[in-house]
Amino acid sequence: MSKTVTLTALSDLVDAVQARPQQAGRARRLVALAGAPGSGKSTLASRLVEALCAAGTQAAVVPMDGFHLDNRLLAERDLLPRKGAPETFDQRGFARLVAALASDRDVIYPIFDRSLDLAIAGAGAVDGACEVAVLEGNYLLFDSDGWRDLAPMWDLSVRVDVPRSVLRQRLVERWHIHGLAPAEAEARADGNDMVNADRILAAALPAQITWKGQTE
């Protein structure tokens, strides 16, 4: 797949994943689902893994969010208001996870608990039966130091494409669900999330697939 293909049907995305051969010496195939906050990456990743398993390919979701830096570190670095920006993640730690997923049969990784607003070490696992790891995160196809080095690791890369206006609406709704008043939810979305979304769009690396199907 040498040029970007636009897909809207989950069955076509499943076919694209299954068509990718496993590289020699790899423990499994790695699929990247990248996109801005609120684009529906987590939803698509779950749907894709469920469909792959139903089609006979063992797969698992591996979120990038487990590599959020702890709030205490962010506060020390004056980065807490920018949580979710690329510099607020343990990029090197995530890169080590990607390498382990490619080479090791059994892999343990951290998971972010949104309700607690912190990452929990050792909360996720991928075992040797997993044929495809579907990684989802904002910066999997991001043209910046460290992050861009991830691109060659992907057996298949997918960018979730959602209009900016829809992103903002979803993000405001997300913060409202988390207990913020309407004005506070809008301020949180505009002051940080949409800043990160614009930054992702401005430094987007090419993807093999652009997904424009339903995500939420």
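Up top is the structure.
Colleague: Just checking my understanding: could you explain the side chain of Asp-65 for this structure?
Modeller: Locating Asp-65 in the fold gives a position in the loop between strand 3 (59-63) and helix 3 (71-76). Asp-65 gets classed as buried once you look at its relative accessible area, which sits at 19%. Not counting chain neighbours up to four residues away, the residues in contact with Asp-65 comprise Phe-89, Phe-112 and Arg-114.

Colleague: How should the sheet that holds strand 8 (residues 209-211) be read in this particular structure?
Modeller: Through backbone hydrogen bonds, the strands of a sheet pair up, either in parallel or in antiparallel fashion. The six strands lie next to each other as 1-8-7-2-6-3, forming an open sheet whose pairing is parallel. A strand with exactly one partner marks an edge of an open sheet, and here the two such strands are strand 1 (5-7) and strand 3. Here the average twist between neighbouring strands, direction ignored, is 25°. Pairing of strand 1 with strand 8 involves three bridges; the strand directions are parallel. Residue Val-5 lies in a different strand from strand 8, and its bridge partner there is Ile-209. Across the sheet, helix 2 (residues 41-54) lies against strand 2 (29-34), strand 3, strand 6 (132-137), strand 7 (156-160) and strand 8, angled at about 170° from strand 6, the strand it touches most.

Colleague: Looking at this structure, I do not really get the packing of helix 5 (residues 164-177) against helix 6 (residues 182-202). What am I missing?
Modeller: The geometry of a pair of packed helices is captured by two quantities: the angle between their axes and the separation between those axes. The interhelical angle for the contact between helix 5 and helix 6, taken along N-to-C directions, is 135°, at an axis separation of 8 Å. The orientation of helix 5 with respect to helix 6, classified from their angle, is oblique. In this structure, the crossing between helix 5 and helix 6 has a hand that is right-handed. On helix 6, the residues that touch Arg-164, Leu-167, Arg-168, Leu-171, Val-172, Trp-175 and His-176 of helix 5 are Pro-182, Ala-185, Glu-186, Arg-188, Ala-189, Asp-190, Asp-193, Met-194, Ala-197 and Asp-198. Per-class residue counts for the contact of helix 5 with helix 6 are nine nonpolar, one polar and seven charged.

Colleague: Explain the packing of aromatic side chains here, please?
Modeller: Aromatic ring pairs are reported here in terms of the distance separating the ring centres and the angle at which the planes meet. Here the structure, examined in full by the defined rule, presents five aromatic pairs. Pairing Tyr-139 with Phe-142 gives two aromatic rings, centres 5.0 Å apart and planes at 65°, and the pair type is edge-to-face. The buried category is assigned to Tyr-139, whose relative accessible area is 0%. On the basis of relative accessible area, Phe-142 is assigned to the buried category, the value being 3%. The ring of Trp-175 has Arg-188 lying over it, and the distance from NZ or CZ to the ring centre is 4.0 Å.

Colleague: Whenever I open this one, helix 4 (residues 91-103) confuses me. Can you help?
Modeller: Every α-helix winds through 3.6 residues per turn, so residues three or four apart in the chain are directed the same way. For helix 4, with 13 residues, the first-to-last C-alpha span of 19 Å sits near the 18 Å given by 1.5 Å per residue. Here helix 4 has its buried residues at Gln-91, Gly-93, Phe-94, Leu-97, Val-98, Ala-100, Leu-101 and Ala-102.

Colleague: Honestly, the pattern of salt bridges in this entry has me stumped. Any pointers?
Modeller: Should their charged atoms come close, side chains of opposite charge can pair. Summed over all chains, the structure comprises eleven salt bridges. With a shortest N-O distance of 2.8 Å, Asp-70 and Arg-72 are connected by a salt bridge. Taking relative accessible area as the criterion, Arg-72 reaches 63% and is therefore assigned exposed. Residues Asp-145 and Arg-148 are paired through a salt bridge, measuring 3.0 Å at the closest nitrogen-oxygen approach. Its relative accessible area of 63% is what places Asp-145 among the exposed residues. Look at the salt bridges and you will find they share partners, linking Asp-143, Asp-145 and Arg-148 into a network.

Criteria and cut-off values
- Residues numbered from 1 in each chain as written.
- Predicted model: local features only at pLDDT ≥ 70, side-chain atom pairs only at ≥ 80, totals over all residues.
- Heavy atoms only, no water.
- Helix = DSSP H or I, 4+ residues; strand = E, 2+ residues; numbered from the N terminus.
- Buried < 20%, exposed > 50% of the residue type's maximum accessible area, 1.4 Å probe, protein only.
- Contact = heavy atoms within 4.5 Å.
- Pairing = 2+ DSSP bridges.
- Axes fitted to C-alpha atoms, helices over the stretch in contact; angles between N-to-C directions.
- Parallel < 35°, antiparallel > 145°, perpendicular 65-115°, else oblique.
- Left-handed = near helix turned anticlockwise from the far one by under 90°.
- Nonpolar A, V, L, I, M, F, W, Y, C, P; charged D, E, K, R; others polar.
- Phe/Tyr/Trp six-rings, centres within 6.5 Å; stacked < 30°, edge-to-face > 60°.
- Lys NZ or Arg CZ within 6 Å of the ring centre and 35° of its normal.
- Expected span 1.5 Å × (residues − 1).
- Salt bridge = Lys/Arg side-chain N within 4 Å of Asp/Glu carboxyl O.

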